[in-house]
Each structure stands twice: as structure tokens, then as C-alpha cells.
Amino acid sequence: MSVAGDVRANGAPTLELEDLVMHFRTGRGIVGGGSVVHAVDGVSFSIAPGELLGLVGESGSGKSTVANCAVRLLEPTSGTVRLKGRDITHISRREMRPLRRDMHMVFQDPYSSLNPRMTCGQIVGEPLRVQKLGRGRSLDAKVAKLFDQVGLRTELRFRYPHELSGGQRQRVGLARALSVSPALLIADEPVSALDVSVQAAILNLLRDLQSDMGFSCLFITHDLATVEYLCDRVAVMYLGKIVESAPTKELFASPQHPYTQALLSAAVVPDPEVQRNRTRVVLEGDIPSPIAPPSGCRFRTRCPVAHESAPQSEEEDPPLLEVARRHYVACHLVRPGRPAPALVDAAELRA
Amino acid sequence: MSLLEVHDLSVRFDTDDGSVHAVDGLSFSLEDGEVLGVVGESGCGKSVSAMSLLQLLPETAHVTGGAQFDGLDLISAPKSKLRDIRGRRIAFVFQEPMTSLNPSFKIGNQLGEVLQRHLGLNRRQARTRAIELLDLVRIPAPKRRVEEYPHQLSGGMRQRVMIAIALACDPKILIADEPTTALDVTIQAGILDLMRDIRERLGTAIILITHNLGVVADIADRVIVMYAGRKVEEAPVHDLYASPQHPYTIGLLGAIPRPGAADEQGRLREIPGRVPSLAELPAACAFAPRCPRADDRTRSQKPELREVRPQHLVACFHPGVNGAVS
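Everything quoted here is computed from the prediction, not taken from an experiment. Throughout, a residue's number is its position along its own chain's written sequence, starting from 1. The naming scheme follows written order: chains are lettered A onward, ligands numbered 1 onward. Local features in this predicted model are restricted to residues of pLDDT 70 or higher, and side-chain atom pairs are both shown and tallied only at a pLDDT of 80 or more, whereas totals for entire chains, interfaces and linings draw on every residue.

Concerning the overall build of chain A
To be explicit about the condition: Secondary structure elements are defined from DSSP: runs of H or I of at least 4 residues count as helices, runs of E of at least 2 residues count as strands, and each element is numbered from the N terminus. Throughout, the radius of gyration refers to the C-alpha atoms, and the reference size of a globule is 2.2 Å times the residue count to the power 0.38. Any residue whose C-beta has 12 or fewer other C-beta atoms within 10 Å is treated as exposed, any with 20 or more as buried, and any in between as partly exposed, C-beta atoms being built from the backbone. Note on contacts: each residue gets a C-beta atom placed from the backbone, and two residues are in contact if those atoms are within 7 Å.
Secondary structure summary: chain A contains 12 helices and 12 strands in total. For a compact globule of 351 residues, the expected C-alpha radius of gyration is about 20 Å, and chain A comes in at 21 Å, within 12% of that figure. Evaluated residue by residue, chain A yields a buried proportion of 49% over its 351 residues. Partitioning the contacts of chain A with sequence separation of at least 6, the portion at a separation of at least 24 is 65%.

Okay, here's the thing in C-alpha cells:
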């Protein structure tokens, strides 16, 4: 498919999504009717073994729905999900169970995603127990080792989630997700609810664990700065579609899609000299409703340049094209060999 | 005389597990038309101190100290006097615009309520003024919007409505508690522009409470950094970012992922340890257990605020950009 990661010569990508579509029906009463929410509309990407892909977008862009489809918490409307080459799009819960060993998820809110009635040790050991990878003493030993790996004192195994701080809880979440050594970790905004100083520690930990254990990671966030620190490659989503994807360095050095440029320019920089002197791309209005997404290019209603420069955007949906090596953009104004409309000076974004 | 003078403000909550000192001896002033940023992590006392100024805390809170505003001490004033100040002279904008608006009333009615209560306008006048206010906060088609309910508006629009309500009586001070935290970055940029615009056009002084050092860098004139209920540093904004003095401020700035923030191994700089429990605050520097510069003195004595550069205050025995012991 179009946005392909580097695939090792002998192996399939860890995760592969092909033209994924997820529509929800809403508000259907006894008399029928209701409308369709186009949460995800044709998303394709793959993650190579050991690769970290950042999926970036604002609320309502569909990034969490992509994650939920990837781990088959949702069954996609159409498209294909492949885990290590195996098609898991429509397999049953029972068939799915052994495969759960290969992918685990870490959620945004480390409090509501941990069972308050279980001790942290039981929480971390549960996937091992369910997958029959340990019991009794050997399980205890494994759990203790995991606590050590994520930087938690092993005594905390006997505590309940409410006794821990936010950062510690997120470490428990990570330990649980990594207990069965999955091939793929899906982290949905894992640091957004944490304070800055704790965030740094969790991001460092995630990076260390990844380089030790070598899992692939789909890292979902609205914060471009954390992606830049952590990920190998970035995909930017807007209203259910990927509008741009590129290796991290490339994306930050030369963002092409007007939306990506706007996002980068809107992120606040903790330096008044820089922050007050930079150009900001102001987007008009709000993200449109996914119930009735705009025709043609979905970004056109807020795009600062589409109206004049790309009249075809009202009818035609721009395809995701490779404009530079491994750099894909879905915009009528960006073509291979033709520079993107520069809304902001890329050097200014990097300040 | 400043617009607002807060002196030695302390807030204590008595709970079943003993008393918790949420704010400990906070003093600051706010000038006319100034944007004062108050930054700190969860539990540092930034919201509690703001709420105590308008006596918005529950009965379990014991507030001491003073806050002079327009010849009145806000802390000791009777509730009846405060009613004329709240929303009229000092207005509040909260983080979550959905929960701060009443879901069952139209936008126009919620704005009108403030205008009728505080300014004595009749319904027709209130409606006209409500439309003007929505226009002021740059909500498109304000005539249509006054007839809508909160759920029909997006998050950014709701926050604009909250700001419109806050501005309804042309207050002297706007206290904004994490006004952009729940919003997307592109929406946040618009709200920050709006606040800048309000300050310039109406001359409203703003106290901006946030954990986001980027937001403060964007809009504040002066910044207070709080840690464990105490003010640990205060400086004009450019000075604070160019030469942060307190190890906590330096740690916070260093922990934010951005180009050049990582160390030689490509790791982000963490602040080791965690925020202390407010129940057992020591008579020492509260940051000492996490501080690379801590020594015996830091652990046994509480550092007082002192001016290390013009208008730059810091509560640390070993202040300095590079940790030079002074």
C-alpha cells in the first residue's frame, strides 16, 4: 500500500492497515433513520518490526478509532488489518485471544484503565496468567522483574492503583502491556494526563524499554513535540484520513500539507522570544462534523490556500502521493517536484 | 497602589487525615492591564489560591492573609459584598467550558442572566448586549448563536462564550484557570489571540493559571512559579525564560520535549522524585528532596524569597542559571 514502512527482507510488517474504514451509525430510533459518522475513511499504513510510528491529530480526527480497530476492540466496516502478516480483520474473539499476546495497549488515563479492586501486582500479572505464561512463584518472580524494569519499587506490587501517583500508575500500565513481550505496543495519549516533569520520565522509560525489547509501537498523540522526541515516522490525521506521513526528521524539516504546517505553527514554544515572533497559520472555524464531512478535500473548509489555489478541491479528494522518498502528502497543491505552499518558514518552525 | 495586592495568603484544608496546606504564604501583586502567569504542576496550589480570592472554596478551607482590591479585603469581606465583585469586577473562566455552562439554557439566556443581575438591564437590552459580546469574542453569526444551546457549540466556541460571560460587566480582572488545556492546539491559538486582544482593547488585567509554560511564554508579562503551595520564583517573562534561577523552574523548562531539550544520550531531562504530600510540608525547602543543589541548609531551613535581579525573586539558597552557588 501507499504508506509502507521499511519491511525487513524476510518478515511481514508487525501491523498493516489497508484502506481501513470505520463508520458508526448514530441516533437510530425505532423508525429508522439516523446518520453515519465517518470516523475513519480509508487509512493505510504499516509498522515495521521495531519501528515507532506516531499518529498525530486533533480531537475527532479518528486516531483512537484507528487504534481500536488495530487491536480489534472494534470490527472495521471495511478494509484489512494484518498482524505480523495474518489477516485479523474479521476473526472471532476466541480466535483473537491467543493473538492478544502480540499486541497490547496503554491508555491515556492510567486511573480508569486499571482495575481498582486488584493490586498492582495482580494487574501486571493478569496477561501472563490469561496467556498461561506463568503461575504461582514463577509468575510472582516475573511480575517483580517487570516492576523493576519500569522503575517501580517491587513492594508496590501489593498496593492498589489509588495508592499510586499518576506517573506510577502509568508505569503499571506499561508493565502490564509489556508483560507478555508483545510485538506491538499501542499507546493512546499515554502522557497527556501527566504533569510535565512526570511526562519526561515516562517518555524516557518508553524509549528505553523499546530499545531493550525491540517492540513496534503505534504512538497516538495530539502533541507533535513528543512525537519528534520518540518516533521514527509520523502520520498526520485530519477528519478520518491521513493527510501527510514522513520520517520524523523529514516531516519536521519540511512539512508539506497546509494542515501539518498549521499544526506545527500553532504549538506553543516555551520561549517568549521565539513564541512571540513566529508566524502563526490561523485556521478558520472548527473541525467539521464527521457525520457530514466536506466533499472533495476534507480540509478545504479550513484551508488558508485551497479556495484560490485549488478550486478542484471541492470535488476531488486528493490522493496520498509520494512527493519525496517515503514522504506522502494528500493535497492538490503538492506534487512531486513542485514545492508545497509555504505558509510558514520551516526554519521558523524549528526555532 | 496595585490593582490587586495579595499578602501572605495561606489556605489550609482540614480533612480526616489531618490538615493539608494547599497554599503557604503567597504574596503577589497585579497591575492594571497586566497579564500575570501562574504556573506549576497539579497540586501546587495555583487554582486554590485564585479561588480563595473570591471566597469560592468550600467551608472546610481555612483562608488567612489579605487581598486588597479597590479598598476592600477580599479575604475578610462579607459574602454580600463579594457578590458585587464576583463576575462584575473580577471574573472567572474555568478549564472545562462544557461543565461550566448550563446545558439546559440557551447561550443568550446565560449571558443575559449576568447582564440582568449585575447591570440591571431588561431582557431586550440584555439580548442586544449578549449579541455584541459574542461578536466581541469573535463568534460568527452571533444572532443565531444566542438561540443555541451549549451542546450545539464546539469546545473552542464554548470557551469563547465563557469569556464573553466573564467580560459581560467589563471586569477589571479576569482570572483564567487553564483556559486552553482542554482544547486542541489550533483552537488554543485562537483563544490566546482573543485574550491578548481583550487586554489591549479593554485594558483588563488577566491572571492566567496554567501548567503550560508555552502558553505563559506566549501571553504573560510576568510569571509566578509555584511549587507545593509556595511561590518559588517570580520574574518578568523574558527574564524568567532567559535566566531561570530556581532549580525547579530550570527542571520544568528542561523537561519539555523540544528540539535541543534532550541530553547527550538523547534522553529528556527528568525531575527525579515526586511532589511532596501537602500534609507534611517541612520547615525547609519543599523542593529539597528532588533538588540537585540541596545541602544541609536547604533541608533544615526554609528559603525566603529574595530579589536576585531587578524584579526577579527566587526562594532558593543556591539560585542561578547554571547552579552556581551564590
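Structural notes on the sheet that holds strand β11 (residues 306-309) of chain B
Adjacent strands of a sheet form backbone hydrogen bonds with each other and so pair up, either parallel or antiparallel. All names here are of chain B. The cut-off we apply is this: If DSSP finds at least two bridges between two strands, the strands pair. Interaxial angle, 0 to 180 degrees, is taken between N-to-C directions of lines fitted to C-alpha atoms, where a helix line uses only the stretch in contact.
The mixed open sheet is built from 8 strands, whose spatial order is β6-β7-β8-β3-β9-β10-β12-β11. Each end of this open sheet is capped by a strand with a single partner; those strands are β6 (90-93) and β11. Within this sheet the neighbouring strands show an average axis-to-axis angle of 20 degrees, counted without direction. When strand β9 (residues 222-227) meets strand β10 (residues 230-236), the two strands line up antiparallel, connected through 6 bridges. Counted as the bridge partner of Y227 is R230 from β10. Sheet contacts for helix α1 (residues 46-53): β3 (35-39), β7 (173-177), β8 (205-210) and β9; angle to β8, the most-contacted strand, approximately 145 degrees.

Observations concerning helix α6 (residues 196-213) of chain A
To be explicit about the condition: In this scheme, a helix's expected span is set at 1.5 Å multiplied by one less than its residue total.
Here α6(A) spans 26 Å end to end across 18 residues, near enough to the 26 Å set by a 1.5 Å rise per residue. Residues of α6(A) that are buried sit in contact with α5 (166-178) and α7 (224-230) of chain A together with α11 (247-255) of chain B. A:G214 lies just past α6(A) and shows a positive phi near 75 degrees.

Digging into the interface of chain A and chain B
Taken together, the contacts link 33 residues of chain A with 35 residues of chain B. Every element with two or more residues in the side of chain A that touches chain B is listed here: α6, α7, α9 (258-266) and α10 (272-275) of chain A. Tallying contributions element by element places α6(A) first for the side of chain A that touches chain B, with 7 residues.

Quick word on the domain arrangement of chain B
Residues and elements named next belong to chain B. We count it as follows: In this entry, domain limits derive from an automatic or database-based domain assignment.
The domain boundaries assigned to chain B delineate domain 1 (4-220) and domain 2 (244-314). A C-alpha centroid distance of 29 Å is found between domain 1 and domain 2. Listed as interface residues are 9 residues of domain 1 and, on the opposing side, 7 residues of domain 2. Residue contributions to the side of domain 1 that touches domain 2 peak at 5 residues, all from strand β2 (residues 18-30).

Some details on the pairing of strand β8 (residues 216-221) of chain A
Residue and element names in this part refer to chain A. Most of β8 sits inside the fold, with 6 of its 6 residues counted as buried. Burial of the side chains of β8 extends over both faces: S216, L218 and I220 are buried on one face and C217, F219 and T221 on the other. Of the pairings in the sheet, the one linking strand β3 (residues 52-56) to β8 comprises 5 bridges and is parallel in character. Along β8, the bridge assignment pairs V56 with T221. Note that strand β7 (residues 184-188) and β8 share 5 bridges and pair parallel. Across the sheet, L185 pairs through a bridge with C217, a residue of β8.

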